[in-house]
Amino acid sequence: MPKQPQFPKRDINQAAIDAIATKIDSYDQAWERRWIESENRWDIRMERLEASVERIAATGVEEIRNFMGQAAELQVQTQLKLDELATDIKTMNAAWDERMGRMAEAINGYQAIAQEQAKTTQELIRLVTVMAGKIAA
């Protein structure tokens, strides 16, 4: 019968401890790999986020510039329209004042005519009364 190879004798407790240590070591290595992968993914995400923020900031500044330019143009156009409207109002006001002045002159003229007519009517009544008195006499 062939001879069985001789291995150093180990204690069962020592074998259990070695098995547990090996398992812990493999878990530790797996955890370390996951941690490194997680950090790498985190770094990649942060780089993407920073790039995105930079793009947004760049386009945001440009959009703000465009908005400010458009707002300035609108303000200028609005001011021109307001100036034109103010000129139109002044012109209409001057025309209104002129018309009102002519109407006041006309009313004063009509009042003068009415006063003259009242004098003429009184004189006519007086003359009719005098004539009626002469006819009756």
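Reading the values: rules and limits
- Residues numbered from 1 in each chain as written.
- Predicted model: local features only at pLDDT ≥ 70, side-chain atom pairs only at ≥ 80, totals over all residues.
- Heavy atoms only, no water.
- Helix = DSSP H or I, 4+ residues; strand = E, 2+ residues; numbered from the N terminus.
- Rg over C-alpha atoms; globule rule 2.2 N^0.38 Å.
- Buried < 20%, exposed > 50% of the residue type's maximum accessible area, 1.4 Å probe, protein only.
- Areas by Shrake-Rupley, 256 points an atom, 1.4 Å probe, with all protein chains shown as cover.
- Patch = residues over 30% accessible without salt bridge, like charges linked within 9 Å, V, L, I, M, F, W, Y side chains within 5 Å.
- Salt bridge = Lys/Arg side-chain N within 4 Å of Asp/Glu carboxyl O.
- Lys, Arg positive; Asp, Glu negative; His and termini not counted.
- Charge placed at Lys NZ, Arg CZ, Asp CG, Glu CD.

Peer 1: Explain the overall build of the chain residue by residue, including any values.
Peer 2: Along the backbone of the chain there are 1 helix and 0 strands. The C-alpha atoms of the chain give 56 Å as radius of gyration, which overshoots the globular expectation for 137 residues (14 Å, by more than 25%). The dimensions of the chain, computed from C-alpha atoms along their principal axes, are 190 × 35 × 20 Å. Counting the 137 residues in the chain, one finds 1% classified as buried. With an accessible surface of roughly 13300 Å², the chain has 62% of that area assigned to carbon and sulfur atoms.

Peer 1: Just give me the short version of a negative patch on the surface, but keep the residues and values in it.
Peer 2: On the surface, Asp25, Asp28, Glu32, Glu39, Asp43, Glu47, Glu50 and Glu54 cluster together into a negatively charged patch. Owing to a relative accessible area of 46%, Asp28 belongs among the partly exposed residues under this scheme.

Peer 1: With reference to specific residues and values, describe the pattern of salt bridges.
Peer 2: Per the counting criterion, the structure on display carries 4 salt bridges. In this structure, Glu62 and Arg65 form a salt bridge, with 3.8 Å as the shortest nitrogen-oxygen distance. Residue Glu62 and its partner Arg65 are located together in helix H1 (residues 12-136), separated by 3 residues, close to a single helical turn. You can call Arg65 exposed: its relative accessible area is 56%. Residues Glu116 and Lys119 are paired through a salt bridge, measuring 3.9 Å at the closest nitrogen-oxygen approach. Of this pair, Glu116 and Lys119 both sit in helix H1, 3 residues apart, roughly one helical turn. On the accessibility criterion, Glu116 (46% relative accessible area) is partly exposed.

Peer 1: I'd love a proper account of a nonpolar patch on the surface, names of residues and values included.
Peer 2: There is a patch of nonpolar side chains on the surface, built from Trp31, Trp35 and Ile36 and spanning about 370 Å² of accessible area. Within the fold, Trp31 resides in helix H1. On the basis of relative accessible area, Trp31 is assigned to the exposed category, the value being 53%.

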